[in-house]
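Letter by letter, the chains look like this.
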Amino acid sequence: MNVAVKSADKPKGEHKTPQVIKKVGIIGAGQMGTGIAHVIALSGYSVALNDLKKERVDESVRTIEKFMNRQAEKGLIEADDVAPALKRIGFAPNFESFGDCDLVIEAATEEEGLKRKIFTDVCSYLKPGTLLATNTSSISITRLASTTDRPEHFIGMHFMNPVPLMELVELIRGIATDDETFTVTKSFVESLHKTVAVSEDFPAFIVNRILLPMINEAVYTLYEGVGTVEAIDKAMRLGAHHPMGPLELADFIGLDTCLSVMQVLYEGLSDSKYRPCPLLVKYVEAGWLGRKTKRGFYDYRGETPVPTR
């Protein structure tokens, strides 16, 4: 599948924006990278999926196949679309493999230093017109773009988790992001059958600016003994009609990610109301990061999740 965007004639520049996106590179085969690869391949694009180990990419593809088959069983997608979509996903062993990509999306861990290094390293292997996007959920787009050789072609493309199910993608322009990059990216996101919400480049953007302080407050509520894990989650599910309690949701997101976003808010906005709860810090220090480590506010090692406090 191609996304074509018409534009007025303009002088050719070194980094002219590509008018057609055919192939997409994805850096990181974790939970978010896997979900992003899923929806992009299913929408007809070729995907080059990169991670440090091929085994992680192989596991990612198996996860995608399992989820696509489940979607087909539920009638959400056509069963005949699964095999072709999987064939569109290839392993990218290094950044050099992104040489023919029109768009590269970074979906690595929410650590600014790591992301900056990735962008510094990847740029020399890209075509002059290749667009760069980050799936960061909180970090300054302008600051990340400054590490690249193409800040005008850099944009925030924040997918929600789980990507195949969530309808929204936040688009965030850095101070240097040009109009064509935004237009091409918006058309691409819409071709994935996602809805765009445009955010300004402020810490944590829109969704996490609202969501993560609520989760942090739930952790404070537990920390201060106002309620138990079960009581807090039950209160918000039944009292506010949230589909998932805030502590259960924190485990699903990853407590390390929750802490990273709160630190970005606290440092970026200099407001004490965003101070990460000490209990959240303690869980992360213990390596209890939620579902991905089998322990967080719940213990997932048995048949049924059990609160850890």
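All figures in this text were calculated on a predicted structure; none of them were measured in a lab.

Chemist: Sorry, what's going on with the overall build of the chain here?
Modeler: Counting its secondary structure elements, the chain contains eleven helices and twelve strands. Computed over C-alpha atoms, the radius of gyration of the chain comes to 20 Å, within 12% of the 19 Å expected from 2.2 N^0.38 for 309 residues, which places it in the range of a compact globule. Projected onto its principal axes, the C-alpha positions of the chain cover 65 × 45 × 35 Å. Across the 309 residues of the chain, 48% fall into the buried class. For the chain, the proportion of contacts with a sequence separation of at least 24, taken over those separated by at least 6, is 66%. Summed over all atoms, the accessible surface of the chain reaches about 14900 Å², with 52% contributed by carbon and sulfur. Here the chain contributes 36 positively and 41 negatively charged side chains, and the mean placements of these two sets differ by 2 Å.

Chemist: What's the story with the packing of aromatic side chains in this structure? I'm lost.
Modeler: For any pair of aromatic rings, the description rests on two quantities: the centre-to-centre distance and the angle between the ring planes. Inspection of the entire model under this criterion finds seven aromatic pairs. Their ring planes at 65 degrees and their centres at 6.4 Å tell us that Tyr220 and Tyr223 sit as a pair that is edge-to-face. One end of the pair, Tyr220, and the other, Tyr223, are both in helix H7 (residues 207-223), three residues apart, so they sit about a helical turn from each other. Aromatic rings pair up to connect Tyr283, Trp288 and Phe297 into one cluster. One Lys or Arg, Lys54, reaches over the ring of Phe91 and ends 5.8 Å from the middle of that ring.

Chemist: Please explain the pattern of salt bridges as it appears in this structure.
Modeler: In a structure, side chains of opposite charge can pair up when their charged atoms sit close to one another. In the structure shown here, the tally under the stated rule is 16 salt bridges. Close ionic contact of Lys127 with Asp102 constitutes a salt bridge, the shortest N to O distance being 2.8 Å. Linking Lys127 in the loop between helix H4 (112-122) and strand S7 (131-134) with Asp102 in the loop between strand S5 (89-92) and strand S6 (103-106), this pair joins segments that are 25 residues apart in sequence. Owing to a relative accessible area of 10%, Asp102 belongs among the buried residues under this scheme.

The rules we used
Residues numbered from 1 in each chain as written. Predicted model: local features only at pLDDT ≥ 70, side-chain atom pairs only at ≥ 80, totals over all residues. Heavy atoms only, no water. Helix = DSSP H or I, 4+ residues; strand = E, 2+ residues; numbered from the N terminus. Rg over C-alpha atoms; globule rule 2.2 N^0.38 Å. Buried < 20%, exposed > 50% of the residue type's maximum accessible area, 1.4 Å probe, protein only. Contact = heavy atoms within 4.5 Å. Areas by Shrake-Rupley, 256 points an atom, 1.4 Å probe, with all protein chains shown as cover. Lys, Arg positive; Asp, Glu negative; His and termini not counted. Charge placed at Lys NZ, Arg CZ, Asp CG, Glu CD. Phe/Tyr/Trp six-rings, centres within 6.5 Å; stacked < 30°, edge-to-face > 60°. Lys NZ or Arg CZ within 6 Å of the ring centre and 35° of its normal. Salt bridge = Lys/Arg side-chain N within 4 Å of Asp/Glu carboxyl O.

Everything listed here is a matter of geometry and, on its own, says nothing about what the molecule does.
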